[in-house]
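# Commentary on secondary and tertiary structure
Given next are the chains, with one letter for each unit.
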Amino acid sequence: MSSGLRIRAPYDPDYDASGPYPDHLYLYTGSVNSFHYAATRPLQWPPNTVGRYRNTDPVLVNYLIRLAVEGRGEDYLSFPQRALFDKIGVRTMVIETDPYGDLLTQGYDLASARDWARLGNLYLQDGVWKGQRILPEGFVKFVSTLAPAWVADDRPIYGGFFWINGDGELPIPKDAYYMSGAGGQSTIIIPSHDLVVVRLGHFKGDEAGSQDLNKSLALLMEAVPLHR
């Protein structure tokens, strides 16, 4: 999340809700080729200098994945299930697409709590599942390490497409990192306690659900000992 591409996003510090519709959401709702749209945004800053939560960045990574998969002559739409989910027992994941068949893996990804827990456990186990390496060696360290641009921006809260508890906002150790979806959906990996926590709930219950999650996390830290 530090490409420097210029779009309007609700998480920008200077975002004005009374302004035009944000590109960040347009990548979901615009009925456009999301890959082409993201790839044609102009630069606002030099890459890797300013951290901003903007959907252009994961969309462009998804674009590269599609080019690589189809370049090998493989089926793109079944690739996530075949290359990852089948290997760790995930059966309920649904990833929606734009009208051009581009997987919107920056969001619109739906699964049961147990399957999100499976995905979280894959990261907790350094990308290894039942003795088989699924994720490249070093990838878990990469996603859970603070991104340089976000550190430079004095916001130690983001890594490689994972949020990081670098500012201690959550009542859990700062080594924790997590997937965070709209409406308070969370899959939290806490390596120091050998723990994965999943919270799913109704979008309208976001505020109350987040408050209850924080209370639950504090209790879990008391109940679950440090991993030795």
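Parameters at a glance
- Residues numbered from 1 in each chain as written.
- Predicted model: local features only at pLDDT ≥ 70, side-chain atom pairs only at ≥ 80, totals over all residues.
- Heavy atoms only, no water.
- Helix = DSSP H or I, 4+ residues; strand = E, 2+ residues; numbered from the N terminus.
- Rg over C-alpha atoms; globule rule 2.2 N^0.38 Å.
- Contact = heavy atoms within 4.5 Å.
- Lys, Arg positive; Asp, Glu negative; His and termini not counted.
- Charge placed at Lys NZ, Arg CZ, Asp CG, Glu CD.
- Salt bridge = Lys/Arg side-chain N within 4 Å of Asp/Glu carboxyl O.
- Pairing = 2+ DSSP bridges.
- Axes fitted to C-alpha atoms, helices over the stretch in contact; angles between N-to-C directions.

Counting its regular elements, the chain contains eight helices and eight strands. Taking 228 residues into account, the globule formula puts the C-alpha radius of gyration at 17 Å, and the chain, at 18 Å, falls close to it. For the C-alpha atoms alone, the extent of the chain along its principal axes is close to 50 × 45 × 35 Å. For the chain, long-range pairs separated by at least 24 residues make up 50% of all intrachain contacts whose partners lie at least 6 apart in sequence. Side chains of the chain carry 21 positive and 26 negative charges; the gap between the two charge centres is 3 Å.

This structure, assessed with the given rule, holds 10 salt bridges. Residues D126 and R133 are paired through a salt bridge, measuring 3.4 Å at the closest nitrogen-oxygen approach. A cluster of three or more residues bridged by salt bridges with shared partners is formed by R52, D153 and R155.

Quick look at the sheet that holds strand β5 (residues 163-164) now. Ordered in space as β5-β6-β7-β8, the four strands form an open sheet in which the pairing is antiparallel. Only two strands of the sheet have a single neighbouring strand rather than two, namely β5 and β8 (195-199). Against the sheet, helix α5 (residues 113-124) contacts β6 (177-181), β7 (185-190) and β8, and its axis sits at roughly 150 degrees relative to β8. Contacts between helix α8 (residues 206-223) and the sheet are confined to β7 and β8, with β8 contributing the most and set at about 160 degrees to the helix.

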